[in-house]
Amino acid sequence: MAESVARDDLDARIAEVSENIRTLIEQAAGVSGAADDDLIQERLEEQQALYDELIKQRDALDNAS
C-alpha cells in the first residue's frame, strides 16, 4: 500500500514538473533578451534535472516491487 501511495505521489510530482517545463518552453518562445533567456534556460535546466530524478526514483520503486 505504501508503495502505491509513493508511486502516486511521484506520478503527481512528475506531472507537475512536466507542466512546469512546458510552461517555461512557452515563455522562452515569447521573450527576447539575453537576461530573460538565461533565466528561463536556468529554470528549464533545474526542472529537467528534477524531472529526471523523479523518473529515476519511480523506476527504482517499480524495480523494487
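Residues numbered from 1 in each chain as written. Predicted model: local features only at pLDDT ≥ 70, side-chain atom pairs only at ≥ 80, totals over all residues. Heavy atoms only, no water.

J.: With reference to specific residues and values, describe the overall build of the protein chain.
T.: Within the protein chain one finds two helices and zero strands. Scaling as 2.2 N^0.38, a compact globule of 65 residues should have a C-alpha radius of gyration of about 11 Å, whereas the protein chain reaches 15 Å, well beyond that. For the C-alpha atoms alone, the extent of the protein chain along its principal axes is close to 50 × 15 × 10 Å. A burial count over the protein chain gives 18% of its 65 residues as buried. Relative to all contacts within the protein chain whose residues are 6 or more apart in sequence, the contacts with residues 24 or more apart total 70%. Accessible surface, the protein chain as shown: approximately 4600 Å² in total, 51% of it carbon and sulfur. Across the protein chain, the mean location of the 6 positive side-chain charges is 4 Å away from that of the 17 negative side-chain charges. (Helix = DSSP H or I, 4+ residues; strand = E, 2+ residues; numbered from the N terminus. Rg over C-alpha atoms; globule rule 2.2 N^0.38 Å. Buried < 20%, exposed > 50% of the residue type's maximum accessible area, 1.4 Å probe, protein only. Contact = heavy atoms within 4.5 Å. Areas by Shrake-Rupley, 256 points an atom, 1.4 Å probe, with all protein chains shown as cover. Lys, Arg positive; Asp, Glu negative; His and termini not counted. Charge placed at Lys NZ, Arg CZ, Asp CG, Glu CD.)

J.: A description of the environment of Gln41 should follow, citing residues and the corresponding values.
T.: Along the polypeptide, Gln41 turns up in helix H2 (residues 34-64). Taking relative accessible area as the criterion, Gln41 reaches 40% and is therefore assigned partly exposed. Sequence separation between Gln41 and Gly30 is eleven residues; the distance between their C-alpha atoms is 13 Å.

J.: Summarise H2; cite the residues concerned and give the values.
T.: If you check H2, its first and last C-alpha atoms are 45 Å apart, about what 31 residues at 1.5 Å a residue would give, namely 45 Å. Listing the buried residues of H2 in full gives Ile40, Leu44, Gln47, Leu54, Ile55, Arg58 and Leu61. (Expected span 1.5 Å × (residues − 1).)

J.: Talk me through the pattern of salt bridges; I want residue IDs and the actual numbers.
T.: Scanning all chains against the criterion turns up five salt bridges. One salt bridge connects Arg58 with Asp11, and the closest N-O pair in it is separated by 3.0 Å. Placement of Arg58 in helix H2 and of Asp11 in helix H1 (residues 2-30) is noted, with a sequence separation of 47 residues between them. By relative accessible area, Asp11 is classed as partly exposed at 27%. Between Glu26 and Arg22 there is a salt bridge whose closest N-O contact spans 2.3 Å. Here Glu26 pairs with Arg22, and both are found in helix H1, just four residues apart, close to one helical turn. Given the relative accessible area of 48%, Glu26 is considered partly exposed. (Salt bridge = Lys/Arg side-chain N within 4 Å of Asp/Glu carboxyl O.)

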